[in-house]
Amino acid sequence: MTTKMSSEVNKVTLTLIHRQLVNICDEMAVSMMRTAYSPIFSEGLDFSTLILDREGYLIANAGLNPSMLGASLYAATWIVREVGAGNFAEGDVYVHNDPYRGGSHMPEHMMVMPVFEAGELVAFIGNIAHMAEIGGMAPGSFAATATDVYQEGLRLPPVLLYRNGEPVQDIWRIILSNHRTPKDSWGDLHAMYGSLKIGKRRLLQMFADRGLDVVTQVFSDIQDYTERGLREKIRALPDGIYHGEEWFEDDGITATPYGVRLSLIVDGDEIIFDFTRSDPQADGPINAPYVVTMSASLNALLYMIGGDLPVNAGLNRPVRIVTKAGTICCVRLPGSCVGGQTEYQPRIMEMIMGKVLGPILPEMTTAASGNTSLNFLFGGLDPRTGDYYAHYHFEATGWGGRAHTDGNNATMPPHANCRNTPVEIFESRWPWIHEQYTLARQEVGHGEHRGGAGVVRVIEVAAETITVSALSDRASQAPWGAFGGGDGSLTRIEISPAGRTDFVSFQEHFRLISPTKFTNIRLHRGDRVRLSSPSGGGYGLPEKRDSELVAIDVKDGYITHDQATSIYRVILDEKGRPDDSLTIALRKESGR
Amino acid sequence: MSWQELRKPWHDTSVDYCDVCGNLLIHNYWEFDSEGEILRACRQDDESLWARLQSFRETYPSIVAKSLSTRQSTDAGLPAIKE
């Protein structure tokens, strides 16, 4: 891209300083990972680290969790405006998790620390992290049957957690008294605080090395650079209005499906995402705050056309996200919304990337991925220690096939980018025993580039009781295939009560409204749970798949020998190798 | 058509939303008149955005009622598998 700089900072300096800023965020992230108490930090990496300008606008981030993009762009500006720029002092740290003040959902806590140079406020260091337990009606704080935000845990407007570098003990005591696992919260909040201190130290060193004026000029210029780059990429799209629709099967309270409708307007070098015709907000927690709809929209756009653009507040300038308060896309207080971040966001991204922009950018689109976090929450008293434990567990799914490759196996949804929790960590921290943790190879969507496999996990209760909850979707709508590819598979949450061998759905066994959303079910020793995450859809006609790849799929257990012929139109010999002449004849006979 | 202050006592925890985009209103808002209706916006340029949206929205297709299907490919807006 040709870029004319608007300031005295040349392109080389801009690049170097920006990369240094990103490196600071990376170091902050490593610090959090290594010092956290909860596996959702140390293993899942469910957090972001940020550098923001003096007004709270995002300058650089570690890019670990794209789902936090909207909050990264917006929440800190709320804090700065609410507190007032003149009211920050050296050593202050604010904490905030309010989805009605720019947060994504309440488990995600944002901390910001002001940075002063010669007595002047020049920047903020920040992070956002998903706390594993924040109280509320269900252990793990992901209540699928919550009907208002007050049931979802402790809601914090921007409040001082540290003043002059000292903990504000009243606030700490309120927080820790409302979390079920205060020891973990204590450790994780300190991990966040520690990463802020590292970020501040490195940024001050950069000011000393490079000069405050140069670095703060980069703060401004890098946003301009991103804005120009994004406008250029938008201008390359054909002007027009593109429509899409996505449905959620239920909200955990009623069996009513909820629809999101998007009209995406490409107008010169600007894009407007108009969600205003979406359904009214749900009673249950599948709603999204405004910033979650912003995250979904910007992330989809970045995946499709963003290339290597630096992520910062410049992204917001050529793009407008338009919603209507009181709809599923912009929940109105006191609506519950914890599932918006994990279920709504990836599905809206998928809709934009597939149904809306896919037809005009077929090389960049994908078939649908599993795109549920398959949130499975549990808690109780650990018989080994007598302590309360709670965990927010998310499951990997299969991704959709793409124009040039198969979908990823067992990967978190693209919006989240998190890692799984290893079985060894799982069993050492909580009273479960794994019986099975495998790829669901036979369930992938067929195609020229097939979908990736979801996972099947079977775990047995190893305590007298465990209280479990779940929040997912896609029990009846499989990930769709694209351009002739087949659909993927469905979410299944099943139980085999102690003493039985067969599995039945939680919905059937416990007579639930929803197959994927429930709260506070007590399981007992010996009960087994089977979680099956969706596999991705296929891309392109199966008959066009390379016959060598089809042979490998048979060996690897993705398809049977018979399916190689019936679906992929490939004839394999007795050793499992493709017979090219017979295959060509069969495919010709099929008319493709 | 002017900026207005959003005055609230410190103990008021209610939330206000932009009439144009749904975003939160913080401390102040841009007030403008649209065919006799007073709207509150989070940005000044939302007034022109509102006018642009009205013309775009005239071209939107009507909303069709949905019955959930277990077969997704045909719903995706992308070409489906040929039977």
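Residues numbered from 1 in each chain as written. Chains lettered and ligands numbered in written order. Predicted model: local features only at pLDDT ≥ 70, side-chain atom pairs only at ≥ 80, totals over all residues.

(A) Broad picture of the interface of chain B and chain A. With 29 residues of chain B at the contact, the number on the chain A side is 44 residues. Here the residues of the side of chain B that touches chain A sort into 17 nonpolar, eight polar and four charged. (Contact = placed C-beta atoms within 7 Å. Nonpolar A, V, L, I, M, F, W, Y, C, P; charged D, E, K, R; others polar.)

(B) Local environment of the sheet that holds strand S9 (residues 258–267) of chain A. All names here are of chain A. Overall, mixed pairing links the four strands, which are arranged S8-S9-S10-S11 in an open sheet. Each edge of the open sheet is held by one strand with a lone partner, namely strand S8 (240–248) and strand S11 (319–322). Taken pair by pair, the neighbouring strands of this sheet meet at an average axis angle of 15°, ignoring direction. Lying over the sheet, helix H7 (residues 290–306) contacts strand S10 (270–274) and S11, oriented at roughly 140° with respect to S11. (Pairing = 2+ DSSP bridges. Helix = DSSP H or I, 4+ residues; strand = E, 2+ residues; numbered from the N terminus. Axes fitted to C-alpha atoms, helices over the stretch in contact; angles between N-to-C directions.)

(C) Structural view of the domain arrangement of chain A. If you check the domain split of chain A, you get domain 1 (11–228), domain 2 (366–540) and domain 3 (542–589). The gap between the C-alpha centroids of domain 1 of chain A and domain 3 of chain A is 52 Å. (Domains from an automatic or database assignment.)

(D) Summary view of the sheet that holds strand S12 (residues 375–381) of chain A. Residues and elements named next belong to chain A. Within the open sheet, the four strands sit side by side as S13-S12-S16-S19. Their pairing is antiparallel. Across the chains shown, the open sheet's two edge strands, defined by having one partner strand only, are strand S13 (388–393) and strand S19 (517–524). Sheet twist, expressed as the average angle between the axes of neighbouring strands with direction ignored, equals 15°.

(E) Highlighting helix H3 (residues 69–83) of chain A. Residue and element names in this part refer to chain A. Compared with the 21 Å implied by 1.5 Å per residue over 15 residues, the 22 Å span of H3 between its first and last C-alpha is a close match. Taken across its 15 residues, H3 has 11 buried, putting it largely inside the fold. Along H3, the residues classified as buried are Leu69, Gly70, Ala71, Ser72, Leu73, Tyr74, Ala75, Ala76, Trp78, Ile79 and Val80. Lining the buried residues of H3 we find strand S1 (47–53), strand S2 (58–61), strand S3 (93–96), strand S4 (108–117), strand S5 (120–130) and H7. Looking at the residues trailing H3, positive phi occurs at Gly84, about 95°. (Expected span 1.5 Å × (residues − 1). Buried ≥ 20, exposed ≤ 12 C-beta atoms within 10 Å, placed from the backbone.)

(F) Seen up close, unusual backbone geometry. Residues and elements named next belong to chain A. The amide bond that connects Leu333 to the next residue, Pro334, takes the cis arrangement and shows omega of 10°. One can find Pro334 in the loop between S11 and helix H8 (340–356). Here Asn371, not a glycine, exhibits a phi torsion of approximately 50°, which is positive. In this structure, Asn371 sits in the loop between H8 and S12.

(G) Local environment of the pairing of S12 of chain A. Residues and elements named next belong to chain A. Along S12, six of the seven residues are buried, which leaves the element largely enclosed by surrounding structure. Pairing geometry for S12 and strand S16 (residues 465–471), over five bridges, is antiparallel. Note on S16: the bridge partner recorded for Phe376 is Ala470. Of the pairings in the sheet, the one linking S12 to S13 comprises six bridges and is antiparallel in character. When the bridges of S13 are listed, Leu381 appears paired with Tyr388. In textbook terms, the turn of a hairpin is the stretch between consecutive antiparallel strands, and for S12 and S13 this stretch comprises six residues, one of which, Gly386, has a positive phi near 80°.

(H) Examining the nonpolar core more closely. Residues and elements named next belong to chain A. Cys25, Met32, Ile51, Leu52, Ile59, Met111 and Ile352 are the most contacted members of the largest nonpolar core, which totals 169 residues. Residue contacts for Met111: discarding those within four places in its chain leaves Val93, Tyr94, Val95, Gly126, Asn127, Leu161, Met192, Tyr193 and Leu196. Within the second largest apolar cluster, six residues are counted, among which are Trp480, Ala482, Phe483 and Tyr539. (Core = buried A, V, L, I, M, F, W, Y, C linked by C-beta atoms within 7 Å.)

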